[in-house]
Amino acid sequence: MSELPDFLPGIDIAAGLPRVAGNKKLYLKLLLQVSGEGPKVQEKLNAAIMAGDANTVREVAHSLKGSAGNLAITDVARAAEQLELAAKAEDFSTLFVHVDALEQAMRRLAEALEGLTP
């Protein structure tokens, strides 16, 4: 079992940990769960954009924004929010830019959690 470090880039541990009553093991498990969803989320987003389905993009981004926000994964939550807003506006010209930003935030999250286990 790995210890939850005091600092992880892109994650506000001080804000997120109290949301699970200070349970570090549970918090790390949830962080890893969100991180593990990255490839599936990217696949859904890319397929929805290619199909011109802004509503699905918005729904996926909204769901991820909520999960990341609840755990104080600030970079992912911010990127998901920007994608959600672009999808809501049906701004297809910028959706790929926002999907790319979200993918990068998810990649940084995975890298920050690499080697950690609950």
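Scroll up for the structure.
Here is a short report on the structure shown in this document. None of these values were measured; they are calculated from a predicted model.

Reading the values: the criteria
Residues numbered from 1 in each chain as written. Predicted model: local features only at pLDDT ≥ 70, side-chain atom pairs only at ≥ 80, totals over all residues. Heavy atoms only, no water. Helix = DSSP H or I, 4+ residues; strand = E, 2+ residues; numbered from the N terminus. Rg over C-alpha atoms; globule rule 2.2 N^0.38 Å. Buried < 20%, exposed > 50% of the residue type's maximum accessible area, 1.4 Å probe, protein only. Contact = heavy atoms within 4.5 Å. Salt bridge = Lys/Arg side-chain N within 4 Å of Asp/Glu carboxyl O. 1 Å grid on protein atoms, 1.4 Å probe; cavity = no way out; pocket = protein on both sides within 12 Å on 5 of 7 lines; lining within 4 Å. Points joined across faces, edges and corners; volume = space filled by probe spheres on them. Nonpolar A, V, L, I, M, F, W, Y, C, P; charged D, E, K, R; others polar. Core = buried A, V, L, I, M, F, W, Y, C linked by side-chain atoms within 4.5 Å.

### What to know about the overall build of the protein
Here is step 1: A tally of regular secondary structure across the protein gives 6 helices and 0 strands.
Here is step 2: Along its sequence from the N terminus, the protein presents helices and strands in the succession α-α-α-α-α-α.
Here is step 3: Relative to its length of 118 residues, the protein is compact, with a C-alpha radius of gyration of 14 Å against a globular reference of 13 Å.
Here is step 4: The principal-axis extent of the C-alpha atoms belonging to the protein is close to 45 × 25 × 15 Å.
Here is step 5: Within the protein, the fraction of its 118 residues that count as buried is 39%.
Here is step 6: Across the protein, the fraction of contacts at a sequence separation of at least 24, relative to all contacts at a separation of at least 6, is 65%.

### Observations regarding the pattern of salt bridges
Here is step 1: Counted by the stated rule, this structure contains 4 salt bridges.
Here is step 2: The salt bridge partner of Glu37 is Lys40, with a shortest N-O separation of 3.4 Å.
Here is step 3: Classification of Lys40 as partly exposed rests on a relative accessible area of 45%.
Here is step 4: When the shortest N-O distance is used, the salt bridge between Arg107 and Glu103 registers 3.7 Å. Pair noted here: Arg107 and Glu103 are both in helix 6 (residues 92–113), with a separation of 4 residues, about one helical turn.
Here is step 5: Overall, the relative accessible area of 32% leaves Glu103 in the partly exposed class.

### Brief notes about the layout of surface pockets
Here is step 1: Taken as a whole, the largest pocket holds about 210 Å³ of empty space.
Here is step 2: Every element with two or more residues in the lining of the largest pocket is listed here: helix 2 (24–36), helix 3 (38–50) and helix 4 (54–70).
Here is step 3: No other element matches the 4 residues that helix 4 contributes to the lining of the largest pocket.
Here is step 4: When the residues that make up the lining of the largest pocket are grouped by side-chain class, the tally is 4 nonpolar, 3 polar and 3 charged.

### Here's the deal with unusual backbone geometry
Here is step 1: The backbone of Ala21 shows a phi angle near 55°, a positive value even though the residue is not glycine.
Here is step 2: Of note, Ala21 is situated in the loop between helix 1 (13–16) and helix 2.
Here is step 3: For Ala72, which is not glycine, the phi torsion reads 60° and is therefore positive.
Here is step 4: Inspection of the secondary structure assignment puts Ala72 in the loop between helix 4 and helix 5 (74–88).

### Thoughts on the nonpolar core
Side chains that are nonpolar tend, in soluble globular proteins, to be buried together.
Here is step 1: Ranked by internal contacts, the top residues of the largest apolar core, which has 38 residues, are Leu8, Ile11, Tyr27, Leu31, Ile73, Val76 and Leu102.
Here is step 2: Contributions of two or more residues to this core are made by helix 2, helix 3, helix 4, helix 5 and helix 6.
Here is step 3: At 8 residues, helix 6 tops the list of elements feeding residues into this core.

### Overview of the side chain of Ser35
Here is step 1: Relative to the assigned elements, Ser35 resides in helix 2.
Here is step 2: Beyond its immediate stretch of four places on either side in the chain, Ser35 contacts Met106, Leu109, Ala110 and Leu113.

The values are spatial; any link to function lies outside them.
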